[in-house]
Amino acid sequence: MNLAIRDIRHKLSRFLLTAAGIGLLLMIVMGMAGIYQGLSEDALSFLERTKADLWVVQRGTRGPFAEISRIPWNLEDRVYAVTGVGKARAFVSHTIQREYQSRPLRMVVQGLTWPQDDGSVLPLIGGRVLGQAHYEMLADRTLGLRLADRVPLGKDIYTVVGITAGMTGPSGDGFAFFTIPDSIAIQYDTPGEAIRLEREARRSRLRKQDLGNTQPILLERAAGPASQLPALGTQNVSAIMVNVAPGVDPARVAKVISGWSDVTVYPNDAQRELMLRSIERNRKQLGMFRTLLVIISAIIMALILYTLTLEKMHDIAMLKLMGARNGTIVALILQQAMLLGALGYGLAYCIGLWVFPFFPRRVAITNANLMQLALIVLAISVLSSLLGIWKAMSVQPNEILS
Amino acid sequence: MRTIIQSDAPSVEAQLLTKIYGRGNTEVVAMREVSFQVQRGEVVALVGPSGAGKSTLLTAIGLINPPTSGKITISGCPVMDGPRPLVSLRAFRRKYIGFVFQKANLIPFLNALENVQVAMEINDVRSRKARKRALELLDYLGVADRSRSLPSTLSGGQQQRVAVARALANNPSLILADEPTAALDSHRGRQVMELFRMVAHEQKAGVIVVTHDHRALDVFDRILEMEDGVLRPPPNGPSSRNAETRAQPA
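What counts, and at which threshold
- Residues numbered from 1 in each chain as written.
- Chains lettered and ligands numbered in written order.
- Predicted model: local features only at pLDDT ≥ 70, side-chain atom pairs only at ≥ 80, totals over all residues.
- Helix = DSSP H or I, 4+ residues; strand = E, 2+ residues; numbered from the N terminus.
- Rg over C-alpha atoms; globule rule 2.2 N^0.38 Å.
- Buried ≥ 20, exposed ≤ 12 C-beta atoms within 10 Å, placed from the backbone.
- Contact = placed C-beta atoms within 7 Å.
- Pairing = 2+ DSSP bridges.
- Right-handed = clockwise from strand over helix to strand, strands pointing away.
- Axes fitted to C-alpha atoms, helices over the stretch in contact; angles between N-to-C directions.
- pLDDT = per-residue confidence, 0-100.
- Left-handed = near helix turned anticlockwise from the far one by under 90°.
- Nonpolar A, V, L, I, M, F, W, Y, C, P; charged D, E, K, R; others polar.
- Domains from an automatic or database assignment.
- Core = buried A, V, L, I, M, F, W, Y, C linked by C-beta atoms within 7 Å.

Peer 1: Go over the overall build of chain A, please, and point to the residues and values.
Peer 2: The helix and strand tally for chain A stands at 13 helices and 13 strands. Rg of the C-alpha trace for chain A: 31 Å, well past the compact-globule value of 21 Å for 402 residues, more than 25% over. For the C-alpha atoms alone, the extent of chain A along its principal axes is close to 115 × 50 × 40 Å. Looking at chain A as a whole, 37% of its 402 residues are labelled buried. Taking the contacts inside chain A whose residues are at least 6 apart along the sequence as the reference set, 76% of them involve residues at least 24 apart.

Peer 1: Lay out the pairing of strand β9 (residues 206–210) of chain B in plain terms, naming residues and giving numbers.
Peer 2: All names here are of chain B. With five of five residues buried, β9 is to be regarded as a mostly interior element. Across four bridges, the pairing between strand β3 (residues 43–47) and β9 is parallel. Within β9, the position partnered with valine 44 by the bridge is isoleucine 208. As for the winding sense of the linkage, the β-α-β connection from strand β8 (residues 174–178) through helix α6 (residues 186–203) to β9 is right-handed.

Peer 1: Please give an account of the sheet that holds strand β12 (residues 239–244) of chain A that cites residues and values.
Peer 2: All names here are of chain A. Taken together, the four strands give an open sheet; going across it, the order is β3-β12-β1-β13, and neighbouring strands pair in antiparallel fashion. The strands lining the two open edges of the sheet, one partner per strand, are β3 (85–91) and β13 (263–267). Along the sheet, successive strands turn relative to each other by an average axial angle of 25°, direction set aside. Of the pairings in the sheet, the one linking strand β1 (residues 54–58) to β13 comprises five bridges and is antiparallel in character. Its bridge partner lying in β13, leucine 54 is registered against proline 267. Strand contacts of helix α9 (residues 268–278): β1 and β13, with the helix running at about 90° to β13, the strand carrying the most contacts.

Peer 1: Hey, could you go over the interface of chain A and chain B for me, with residue numbers and the actual values?
Peer 2: Between chain A and chain B, the residue contacts involve 16 residues of the former and 23 residues of the latter. Counting only elements with at least two residues in the side of chain A that touches chain B, the list comes to α1 (3–10) and α11 (313–321) of chain A. Tallying contributions element by element places α11 of chain A first for the side of chain A that touches chain B, with four residues.

Peer 1: Let's hear about the sheet that holds strand β2 (residues 28–38) of chain B: which residues, and what values?
Peer 2: Residue and element names in this part refer to chain B. Pairing in this open sheet of five strands is antiparallel, and the strands run β2-β1-β4-β5-β6 from one edge to the other. In this open sheet, the two edge strands, each paired with only one partner strand, are β2 and β6 (84–85). Together, β1 (12–21), β2 and β4 (69–74) form the strand contacts of helix α1 (residues 54–61), whose direction differs from that of β1 by roughly 120°.

Peer 1: Just give me the short version of the confidence of the model for chain A, but keep the residues and values in it.
Peer 2: The share of residues in chain A with pLDDT of 70 or more is 97%, and the mean pLDDT across the chain is 86. By mean pLDDT, the top-scoring element of chain A is strand β7 (residues 136–140) of chain A (94), and the lowest-scoring one is helix α7 (residues 216–222) of chain A (74).

Peer 1: Give me the lowdown on the packing of helix α10 (residues 280–311) of chain A against helix α13 (residues 367–394) of chain A, citing residues and values where you can.
Peer 2: Residue and element names in this part refer to chain A. Across the interface, α10 lies against α13 with an axial gap of 8 Å and an inter-helix angle of 35°. The way α10 lies across α13 gives a crossing that is right-handed. Between α10 and α13, the contacting residues are Val294, Ser297, Ala298, Met301, Ala302, Leu305, Tyr306, Leu308, Thr309 and Leu310 on the first element and Ile376, Ile380, Ser381, Leu383, Ser384, Ser385, Leu387, Gly388, Lys391 and Ala392 on the second. When its residues are assigned to classes, the contact of α10 with α13 shows 13 nonpolar, six polar and one charged.

Peer 1: Can you explain the domain arrangement of chain A? Please cite residues and give values.
Peer 2: Residues and elements named next belong to chain A. What the domain assignment lists for chain A is domain 1 (3–43 + 280–401) and domain 2 (49–278). Here the C-alpha centroids of domain 1 and domain 2 sit 51 Å apart. The interface of domain 1 with domain 2 comprises eight residues on the first partner and seven residues on the second. With four residues, helix α2 (residues 12–50) is the largest single contributor of residues to the side of domain 1 that touches domain 2. Looking at the side of domain 1 that touches domain 2, its residues break down into three nonpolar, one polar and four charged.

Peer 1: Account for the packing of α2 of chain A against α13 of chain A, naming residues and giving values.
Peer 2: All names here are of chain A. Across the interface, α2 lies against α13 with an axial gap of 11 Å and an inter-helix angle of 150°. Crossing of α2 against α13: the hand is right-handed. For the pair α2 and α13, the contacting residues are Leu26, Val29, Met30, Ala33, Gly34 and Gln37 in the first and Asn369, Leu373 and Val377 in the second. Its residues assigned to classes, the contact of α2 with α13 shows six nonpolar, three polar and no charged.

Peer 1: Mind laying out the environment of tyrosine 306 of chain A, listing which residues take part and the relevant values?
Peer 2: Residue and element names in this part refer to chain A. Looking at where tyrosine 306 falls in the secondary structure, it is placed in helix α10. For the pair tyrosine 306 and lysine 391, spaced 85 residues apart in the sequence, the C-alpha separation amounts to 7.9 Å. The residues touching tyrosine 306, leaving out its near neighbours within four places in the chain, are Leu387, Gly388 and Lys391.

Peer 1: Residues and numbers for the nonpolar core, please.
Peer 2: Formed by 122 residues in total, the largest nonpolar core has its most connected members in Leu46, Phe196 and Val207 of chain B. No other element matches α2 of chain A, which puts 12 residues into this core. Here phenylalanine 196 of chain B is in contact with Val43, Ala177, Val207 and Val209 of chain B, once residues within four sequence places are set aside. By size, the runner-up hydrophobic cluster in this structure holds 50 residues, among which are Phe91, Phe175, Phe177 and Met241 of chain A.

Peer 1: Explain the confidence of the model for chain B to me, and be specific about the residues and the numbers.
Peer 2: Residues and elements named next belong to chain B. In this model, chain B carries a mean pLDDT of 84, and residues with pLDDT of at least 70 account for 90%. Element-level pLDDT for chain B is lowest in strand β12 (residues 245–246), with a mean of 42, against a maximum mean of 93 in helix α3 (residues 112–122). Predicted confidence for residues 237–250 stays below pLDDT 50, and this span has 36 contacts to residues more than four positions away or in other chains. We note a pTM of 0.73 for the whole complex and an ipTM of 0.82 for its interfaces.

Here's what the structure looks like:
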């Protein structure tokens, strides 16, 4: 006869309510792990999809995932010229926030080296890849945009031609993919008046120099777009992603490029490490909060089990009087603790599956996290029942007479 | 420790049992050099005023409150020598002693059948066998129709019958009852007392019942009377300090 089950059956509604409370607590613990996992996956999702072997960044910086890195776009051609390089692509990434249909639209603008990279490596769930050099975009579904939406960014309007899934940055903002020129245009968008003033300033500076007076063509060009000025024409990108040719050792290519005085080269693993380090504080914060919640859950469970045991002290004294072994009484308390933990865990999982998709950031529940939490719950169940077991062991059978 | 039970030995034998609570100025002698025997199949009433030491004696021979000195032998097996147990007390209680109290003390989350069954399962009786015997006992005590009922839905008399069934579950050689009829009306009280008599005679168990209910004393084979921690000598009995009184039919 299982005494624990019969006791639970007797007070089923209370037991279920208690389990629901424990379940909600455990759901938060589960959610914390899921938020961290989501944070890591979001941070690494794009990095892992690029499958770049090397990252060439501004000299002395740690690259776009740690700080601002600016290198000329035409460095892409220099890198291509290195023996052993199979593919070199510019990397542009920056976060912007604009108004769209009377709501704030915050996105990570990501440049693709079109036409070599048209977005076909991305997880598209609707529409198509980029089909032309300008004015098209792919948007992650978290941005809330739909196919054929026309989004004004800077001085141009971009049409959403494809929708991706699971492409969010470390800060939780959804990615939007453009061609590199478009993403640069969005990044360096300047108001018309500022452009006019800058052009006038350029002309003014040139007029004061011999060069301007002896080269009238320069004065004329200074009044035009900056991209048409040979000295100013090159635009900056954040990094160059390099894929080595098959059979080539990336370290050998890295050694060659590292010899250039204007750039620093990182292998993909180093960038991954940097990316993870950028969310280290968040991880610690969530980890500490999770630890506190585990302790709180353990204390609450211990108090609940202790109270449940106190209520049964008379019955336990009677069982002892009848000659019940300590094992029978320990099993009664321990089994209830385990059932409470198991039911709480199950409820946490079910409620989590239902609730987590509504969270603004991704909550990624992995099997490893589930297993870890199961072990934590098992440990909590055992530890929290110790107080009740100690109390039950201390009761004397003659207390039945009191 | 191996226990050897003799089926022809007295159900319980107490020799010079003394129980002292506290020390020095706070010392209270609850029971002083009490000696008696109860044979198998015998129903004995233990009477006396409140504070006479009846419950102390009952808990001492029930192996839940060890005496300060004296010896207890149950079914021929020495079990206590002063406060020192000679056997595993819990295991001995499980196998050889049944208890009934003023309150039935049924386990509230078990139904009547399970309350009887659990006493046997604790004693390693297989579940199916325990269930069968529990049903037989409840039937024997006239509450088989309430076997599925929780204690909270049973009347006081029904609860006490279930408690008696539980006490009988493991065929104990000694049944101890502490004011089992105090919470019952006189009619039900008498029924319970007669039940003890029937059980003692049919199951060949010694039964000691602490009672204040003088209306049902005729049911008992003998009456032991306690006062101030000692057994009072019978009016015409031997001159020993602790004596036994034959029951006088009402």
